Every structure is written in C-alpha cells, then in structure tokens.
Amino acid sequence: MAAARLCRIRTKVCTAPAFGRCLQNELWTRPWKKEDARPPWCSGTWECLQSQNWRVNGVNRYLGSQREPAVRLCHSAPAAVVRQKAAAEKTEEFKLVYRFPGIKYCRVLSRLKLLQTATTVVALPPICYLYLQEQVSQNILVYTTGVALFAGAMLYGMSYFFRRIIGLIYLNETGRTVRVAHLTFWGRRNDIYCPIETVMTLDEAGDSKGELLLQFKRYNSADVLYFTIKFGQIVDRQKFTQIFGKLE
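How each quantity is defined
- Here the residue numbers are simple positions, counted from 1 along each chain's written sequence.
- Per-residue local features are limited, in this predicted model, to residues with pLDDT of at least 70; the limit for side-chain atom pairs, both in listing and counting, is 80 or more; totals at the level of whole chains, interfaces and linings are taken over all residues.
- Neither water nor hydrogens contribute to the side-chain values; these are computed over all heavy atoms in the structure.
- Should DSSP find at least two bridges between two strands, the strands are taken to pair.
- Here a helix means four or more residues in a row that DSSP labels H or I, a strand means two or more in a row labelled E, and each is numbered from the N terminus.
- Like-charged residues within 9 Å of one another, or nonpolar side chains (Val, Leu, Ile, Met, Phe, Trp, Tyr) within 5 Å, are grouped into patches, provided each residue has over 30% relative accessible area and no salt bridge.
- Accessible surface area values rest on a Shrake-Rupley calculation with a 1.4 Å probe, where residue burial reflects the displayed protein chains alone.
- We define a salt bridge as a contact between a side-chain nitrogen of Lys or Arg and a carboxyl oxygen of Asp or Glu at a distance within 4 Å.
- In this scheme Phe, Tyr and Trp rings, the latter by its six-membered ring, pair at centre separations within 6.5 Å, and the angle between planes marks the pair as stacked below 30 degrees, edge-to-face above 60, and tilted otherwise.
- Accessibility here uses a 1.4 Å probe with only protein chains present; expressed as a share of the type maximum, an area under 20% marks a residue as buried, one over 50% as exposed, and anything in between as partly exposed.
- In our convention, an over-ring charge means Lys NZ or Arg CZ found within 6 Å of a ring centre and within 35 degrees of that ring's normal.

Asks: Explanation requested: the pairing of strand β6 (residues 221-227) in the structure shown.
Replies: On a regular strand, each side chain points to the face opposite its neighbour's, so the side chains alternate between the two faces of the sheet. Relative to β6, strand β5 (residues 214-218) is paired through 4 bridges, and the arrangement is antiparallel. If you follow Q215 over to β6, its bridge partner there is Y226. Remark: 2 residues form the turn of the hairpin made by β5 and β6, two consecutive strands paired antiparallel.

Next up, the structure:
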C-alpha cells in the first residue's frame with residue numbers, strides 16, 4: 001500500500017510541471033481582450049464607476065436641455081417686449097383732436113370705384129372672344145377696352161388721393177403719441193402711430209391756415225398725408241396746437 005501511494009505522489013509531481021507549461025502557453029497564445037485586461041477582483045468597482053459616469057452624463061444632458069429654452073427665451077424677449085409695447089399703445093386711451101366728416105363718402109367712392117373697375121375688367125375678355133367670333137363689332141370692342149382702361153386710371157388716381165386723406169387725428173393722454181386714421185387701397189381704415197416729436201408743425205411743413213389741404217409730414221418718413229380745416233372739424237384746439245403749432 002505504501003508503495004502504491006508513493007507511486008501516485010510521484011505521478012502527480014511529474015504531471016504538475018507539464019500542467020504549468022500548458023497553462024503558460026495558453027496565456028501567451030490566447031488573444032487579449034479589454035475584459036481580460038481588467039483584474040477580476042475589481043470588476044464590481046469598474047461596473048459601479050461606469051454606472052456613475054452614465055448618471056453624470058445623463059444629468060449633464062438634462063441640464064443642457066434645460067438651458068436651451070432659457071437661451072431661446074432671452075433671444076425672443078426683445079420681440080415680446082416690442083409686441084407688448086405696441087399692444088399697450090393700442091389699448092391706451094386717445095383723445096380725438098381732429099375729424100373729417102367727409103371721409104365716409106371717400107370710403108364709399110373708393111369701394112364703388114373698385115367694383116366698377118373689377119366689372120369692366122371681367123367683361124373685357126368675353127367681348128374680345130365675341131369679337132374674334134365675329135359676333136360683335138369693332139366699335140364695341142374699342143369702347144369696352146377704353147372704359148376698362150379709363151376705369152383703371154381713375155381707380156389709381158382716386159385711390160392715390162383717398163389713401164392720403166386723414167379722417168381722424170388722436171393724441172394720447174400723456175401727449176407723446178399721435179394716432180392718425182386714413183383709408184387703404186381697399187377702402188379700409190388704417191391707423192398710424194408716431195411720436196409727437198416726429199410730426200412737423202404747419203410752419204415747418206410750409207402751410208398756412210388759408211390753404212385748402214394741409215400737409216401732415218414726419219421727420220422719419222417721406223410719406224405725406226393731407227387734412228383740411230375748411231371742411232374738417234378741430235375738436236380739441238389745445239391739443240391741435242400742441243401737435244401742429246399755432247394757426248396763423
């Protein structure tokens with residue numbers, strides 16, 4: 001029995017170096033990976049650090065997404081202030097200074113002229129077609145074409161004049177903003193807001209009280225509007241003098 005045990009111990013001792021050489025060869029010949037380069041005892045610590053890094057990156061992304069709306073809000077703030085200021089000017093109470101009663105008749109004439117011009121322009125193509133079919137004479141074609149051209153020229157001239165006639169002039173309570181109401185090309189009302197400092201007086205515009213049409217000029221605009229004292233009404237003379245100066 002002792003001899004048998006001794007033989008077994010010798011065989012184990014003999015096979016140990018061979019097993020060691022096989023293990024060494026396997027370690028040298030096996031391709032290295034990032035997982036193998038990390039020691040097994042620190043795998044838990046490594047995974048914990050990775051999870052913490054992911055959490056930090058997620059927090060940074062969340063904070064970045066929270067900063068973007070603030071930046072956009074800062075960029076959009078001036079536009080919001082301008083809109084709020086314009087809305088405040090519109091809702092502010094204005095006092096009537098000047099009124100032209102005939103502006104309603106100008107509005108009616110402007111819209112009737114639009115209707116007439118549209119009717120003649122629509123009627124011109126059928127007349128041309130009938131003339132090509134020899135169903136109408138040349139005189140009718142010439143007459144219809146002349147009426148359409150004349151209506152267009154009259155529309156342009158009347159709209160050019162009506163769009164520059166002032167119907168109402170207001171001044172706010174603080175005396176800093178002037179609101180002027182006039183007609184558009186379509187016969188609708190359009191309000192213009194301008195600071196009182198930009199409005200020229202009658203002396204600076206070169207007009208006198210005896211003239212039929214007085215000019216409404218501004219320093220910051222080349223557009224000229226017109227109003228009349230002879231056919232218009234000055235509701236508040238004190239505010240009128242504050243805007244245009246004294247009437248000579």
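Read on, since the account is not over.
Asks: Before we go on, may I ask you to explain a nonpolar patch on the surface in this structure?
Replies: Together, V108, L109, L112 and L115 make up a nonpolar patch on the protein surface, roughly 370 Å² of accessible area in all. Mapped onto the elements, L112 comes out in helix α4 (residues 103-132).

Asks: Quick question: what am I supposed to make of the packing of aromatic side chains here?
Replies: How two aromatic rings sit relative to each other is given by the distance of their centres and the angle of their planes. If you walk through the whole model with that rule in mind, you get 9 aromatic pairs. A centroid spacing of 5.1 Å and a plane angle of 85° characterise the contact between F185 and W186, whose relative ring orientation is edge-to-face. When its relative accessible area of 29% is taken as the criterion, F185 is described as partly exposed. Assessed through its relative accessible area of 55%, W186 is described here as exposed. Between F227 and F244, the aromatic rings sit 5.0 Å apart at their centres with planes inclined by 35°, giving tilted as the arrangement. Taken as a pair, F227 in strand β6 and F244 in helix α7 (residues 237-244) lie far apart in primary sequence, 17 residues in all. For F244, a relative accessible area of 1% gives the class buried. Put simply, the rings of Y98, F216, F227, F240 and F244 pair up and form one aromatic cluster. One residue, R179, lies across the ring of F94, its end atom 4.9 Å from the ring centre. Stacked on the ring of Y170, the Lys or Arg R179 has its end atom at 4.2 Å from the ring centre.

In short, the description is geometric, and any link to function would need to be established separately.
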